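Examining the three-dimensional arrangement
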Amino acid sequence: MKANLTLDKYAPISKVDPRVYGSFIEHLGRAVYDGIYQPDHPNADEDGFNKNVIDLVKELNVPIVRYPGGNFVSGFNWEDSVGPKENRPRRLDLAWRSIETNQFGLHEFEKWAKKANTNTMMAVNMGTRGIDAARHLVEYCNFPKGTAYSDWRRQNGAEEPFNIKTWCVGNEMNGPWQIGHKTATEYGRAANETSKAMKLVDESIETVVCGSSAPDMPTFGSWESTVLDEAYDNVDYLSLHRYYGNQENDTANYLAKGKDLDDFISGVIAICDSIKARKHSNKQINLSLDEWNVWYHSNDADAKNKPWQIAPHLLEDIYNFEDALLVGSLLITILKHADRVKIACLAQLVNVIAPIMTDEDGNAWKQSIFFPFMQVSNYGRGTVLTPIQKAASYSSKDFENIPYLDSIAILNDEENTVTIFALNRSLEDGMKLHINAGDFEFNTVKEATQFAGYGMKQTNEDGKMKIAKNDKFDLTQKELDITLAPASWNMVRISLK
């Protein structure tokens, strides 16, 4: 099978906002307790953080982490999570029907984030609370000193403000499962006034308003329109969430689901721009895909879980090789929309539908999806080029005319390199990919790798998965020919003249 990709330096999509390589930590299952926080283990540091996990998070190079939820936040009183630990109350977490001990809270997360070289994307409770709690939380986190809440932060050990700049105004408020679920009008009005009050405390922050949890929600479209009608002038981003699974055990159809995400993103952009036009506004609302991943392996186990445990095993998907291929495709899709998708959070980071898993002994290991995410996060920095490709295509149960090649190229001016990420969706055939340099001139191949050769259902529980070198290429100043294995995730980094 042959395919072609042409690079065009004069057709940029956008510079990548590094926040698209964000992730998510929610007080859910073992994401926090026995995940990033394990104070009784010999491997923990002086703050109780699992050092193995921190090392792997640094390897992923995650620039922002959404916290503390998720569904959890809609019943959360942030004040419970600060101050002396012995005074913090235990609460019923109604979202996941667990016991929350509050032994890990806001200050602990800020300390962890600094050690993990990341920043916080804070969510506020719009389910059981609203304007007052949100404005007080911004004051607590960001105001220097001299007020009740800023001085309370200093009393609790943080002399300097946290300076959190990205804030979610609630979570999935369109969902009937959400504590405090609202109609679009109710939520839109509340979100507008809450965001306005938060920005009066700190005008430098940006806020994310809740869009639809999925495109198949019955309110999709009308929800976004109504919410933006109410809140357009006082918010900066609209959220969207999307998860995928292969319940039907149809790999070819599964690997085509990047098309679903592409359609979802395009649809939400169209809605945002229709409101912009109707309001005669010069302001552009961008997107925050602040929950996305594969999620289906753990559904049966979760249905049998007993309620009211502390840090129960919940949403612990063990990912296989085909999941990693799809995650690579979803990353490419996100980059194709880099002009409008400015924030994206792989949900989640540790133990809960996550690239990193831990066991009770404090060991941490990489899931299959770790590998494509790590490569794109580290090397997908720069300007995304419009993909000009030609490849054979196939049709599956749910999709038509899906190219066997899924690819994107990123120009890094600082390093004078072009990085190409490419997925070969064919399960049987290798692919000879011809890359035309266009107006660039190639110098050397700095790195060519492939993630290939595993069974579709193979996991990395034995720790043997790895990124391998690909030496099957020929390079000239204007062309690169490289062979992609069947069912493979690939990266090529080329230095330019």
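Predicted model only: the values in this text are computed from it and were never measured. (Residues numbered from 1 in each chain as written. Predicted model: local features only at pLDDT ≥ 70, side-chain atom pairs only at ≥ 80, totals over all residues. Heavy atoms only, no water.)

1. A look at the environment of Pro68
For Pro68, the location among the structural elements is in the loop between strand S4 (64–67) and strand S5 (91–93). A sequence separation of 159 residues divides Pro68 from Val227, and the C-alpha atoms of the two residues are 23 Å apart. Ignoring anything within four residues of it in the chain, the contact list for Pro68 reads Ile25, Glu26, His27, Val73, Phe76, Met122 and Ala123. (Helix = DSSP H or I, 4+ residues; strand = E, 2+ residues; numbered from the N terminus. Contact = heavy atoms within 4.5 Å.)

2. Digging into unusual backbone geometry
With omega at 0°, the peptide bond leading from Tyr67 into Pro68 counts as cis. Phi is positive for Arg97, close to 50°, though the residue is something other than glycine. Inspection of the secondary structure assignment puts Arg97 in the loop between S5 and strand S6 (98–100).

3. Considerations on the packing of helix H6 (residues 222–231) against helix H8 (residues 258–278)
Each packed pair of helices is defined by two parameters, the angle between the axes and the distance between the axes. For the pair H6 and H8, the least separation of the axes is 10 Å and the interaxial angle reads 40°. Our classification of the angle between H6 and H8 gives oblique. The handedness of the crossing between H6 and H8 is right-handed. Facing H6, whose interface residues are Glu224, Ser225, Leu228 and Asp229, H8 presents Ile271, Cys272, Ile275 and Arg278. Looking at the contact of H6 with H8 residue by residue, the classes come out as four nonpolar, one polar and three charged. (Axes fitted to C-alpha atoms, helices over the stretch in contact; angles between N-to-C directions. Parallel < 35°, antiparallel > 145°, perpendicular 65-115°, else oblique. Left-handed = near helix turned anticlockwise from the far one by under 90°. Nonpolar A, V, L, I, M, F, W, Y, C, P; charged D, E, K, R; others polar.)

4. As for the pattern of salt bridges
Inspection of every chain in the model, using the stated rule, returns 30 salt bridges. In this structure, Lys366 and Glu59 form a salt bridge, with 2.8 Å as the shortest nitrogen-oxygen distance. Pair noted here: Lys366 is in strand S14 (residues 364–366) and Glu59 is in helix H1 (residues 51–60), with a separation of 307 residues, a long-range link. For Lys366, a relative accessible area of 24% translates into the label partly exposed. A salt bridge links Asp151 to Arg154; its shortest N-O distance comes to 3.1 Å. A residue pair is termed a helical-turn pair when its members lie 3 or 4 positions apart in one helix, as Asp151 and Arg154 do in helix H4 (residues 148–155) at three residues. Residue class for Asp151 comes out partly exposed when judged on its relative accessible area of 29%. Each of Asp45, Glu46, Asp47, Lys111 and Lys115 takes part in a single network of salt bridges with overlapping partners. (Salt bridge = Lys/Arg side-chain N within 4 Å of Asp/Glu carboxyl O. Buried < 20%, exposed > 50% of the residue type's maximum accessible area, 1.4 Å probe, protein only.)

5. Topic: the nonpolar core
One finds Ile25, Trp112, Trp167, Tyr187 and Trp292 to be the most contacted residues of the largest nonpolar core, which totals 132 residues. The element that contributes the greatest number of residues to this core is helix H10 (residues 321–336), accounting for 10 residues. Residues within four places of Trp292 in sequence aside, it is in contact with Arg242, Tyr243, Val327, Leu330, Leu331, Ile334, Ala344, Cys345, Leu346, Ala347 and Phe373. If you look at the next biggest cluster of nonpolar residues, it comprises 24 residues, including Leu385, Met431, Ile482 and Leu496. (Core = buried A, V, L, I, M, F, W, Y, C linked by side-chain atoms within 4.5 Å.)

6. A look at a nonpolar patch on the surface
Residues Leu92, Leu94 and Trp308 make up a contiguous nonpolar surface patch of about 310 Å² in total accessible area. Assignment of secondary structure puts Leu94 in the loop between S5 and S6. For Leu94, a relative accessible area of 53% corresponds to the exposed category. (Patch = residues over 30% accessible without salt bridge, like charges linked within 9 Å, V, L, I, M, F, W, Y side chains within 5 Å. Areas by Shrake-Rupley, 256 points an atom, 1.4 Å probe, with all protein chains shown as cover.)

7. As for the sheet that holds strand S26 (residues 488–496)
One open sheet holds the seven strands; their spatial order is S2-S15-S19-S20-S26-S22-S23, and the pairing between them is antiparallel. Both edges of this open sheet fall to strand S2 (12–15) and strand S23 (468–469), since each of them pairs with a single strand only. Bridge count between strand S22 (residues 442–451) and S26: eight bridges; the pairing is antiparallel. Of the residues in S26, the one forming a bridge with Phe442 is Leu496. (Pairing = 2+ DSSP bridges.)

8. Here's the deal with the packing of H8 against H10
Viewed as axis vectors pointing N to C, H8 and H10 meet at an angle of 25°, and their least axial separation amounts to 9 Å. Taken as axis vectors, H8 and H10 run roughly parallel relative to one another. For H8 against H10, the interelement crossing comes out right-handed. When H8 is examined against H10, the residues Gly258, Leu261 and Asp262 are found in contact with a partner set consisting of Leu326, Ser329, Leu330, Thr333 and Ile334. For the contact of H8 with H10, the class distribution of residues is four nonpolar, three polar and one charged.

9. Some thoughts on the sheet that holds strand S25 (residues 479–484)
Taken together, five strands build an open sheet; the order of strands is S16-S1-S21-S25-S24 and the sheet is mixed. A single partner strand is all that each edge strand has here, and the edge strands are strand S16 (388–391) and strand S24 (473–475). Strand-to-strand twist of the sheet, defined as the mean angle between neighbouring strand axes without regard to direction, takes the value 15°.

10. Here we look at the packing of aromatic side chains
Under the criterion given, the structure shown has 23 aromatic pairs. Residues Phe451 and Tyr454 carry aromatic rings whose centres are separated by 5.6 Å and whose planes lie at 55° to one another, so their mutual orientation is tilted. For the residue pair Phe451 and Tyr454, the accessibility class agrees, reading buried in each case. Three or more aromatic residues joined by ring pairs make a cluster, and in this case those are Tyr33, Tyr37, Phe49, Tyr67, Phe104, Phe109 and Trp112. The ring of Phe24 has Arg66 lying over it, and the distance from NZ or CZ to the ring centre is 4.7 Å. (Phe/Tyr/Trp six-rings, centres within 6.5 Å; stacked < 30°, edge-to-face > 60°. Lys NZ or Arg CZ within 6 Å of the ring centre and 35° of its normal.)

11. Concerning the side chain of Ser288
Tracing the backbone shows Ser288 in strand S11 (residues 286–294). Within the structure, Ser288 has its side chain in polar contact with the side chain of Asp290 (distance 2.9 Å). Apart from residues lying up to four places away in sequence, Ser288 is in contact with Met121, Val208, Tyr237, Leu238, Ser239, Leu240 and Ile343. (Polar contact = N/O pair within 3.5 Å; in protein donor to acceptor, adjacent residues only side chain to side chain.)

12. Examining the pairing of S11
Of all the nine residues making up S11, nine are buried; the element is thus mostly covered by neighbouring parts of the structure. As paired elements, strand S10 (residues 237–244) and S11 share seven bridges and run parallel to each other. Note on S11: the bridge partner recorded for Tyr243 is Asn293.

13. Considering the pairing of S4
The alternating pattern of S4 places Ile64 and Arg66 and Val65 and Tyr67 on opposite faces, both of which are buried. Sheet topology note: the strand S3 (residues 22–24)/S4 ladder contains two bridges and is parallel. Residue Phe24 lies in a different strand from S4, and its bridge partner there is Arg66. Handedness of the β-α-β unit built from S3, H1 and S4 comes out right-handed. Where S4 lies against strand S7 (residues 119–124), four bridges are found, and the strand directions are parallel. Among the inter-strand pairings, Val65 is bridged to a residue of S7, identified as Thr120. (Right-handed = clockwise from strand over helix to strand, strands pointing away.)

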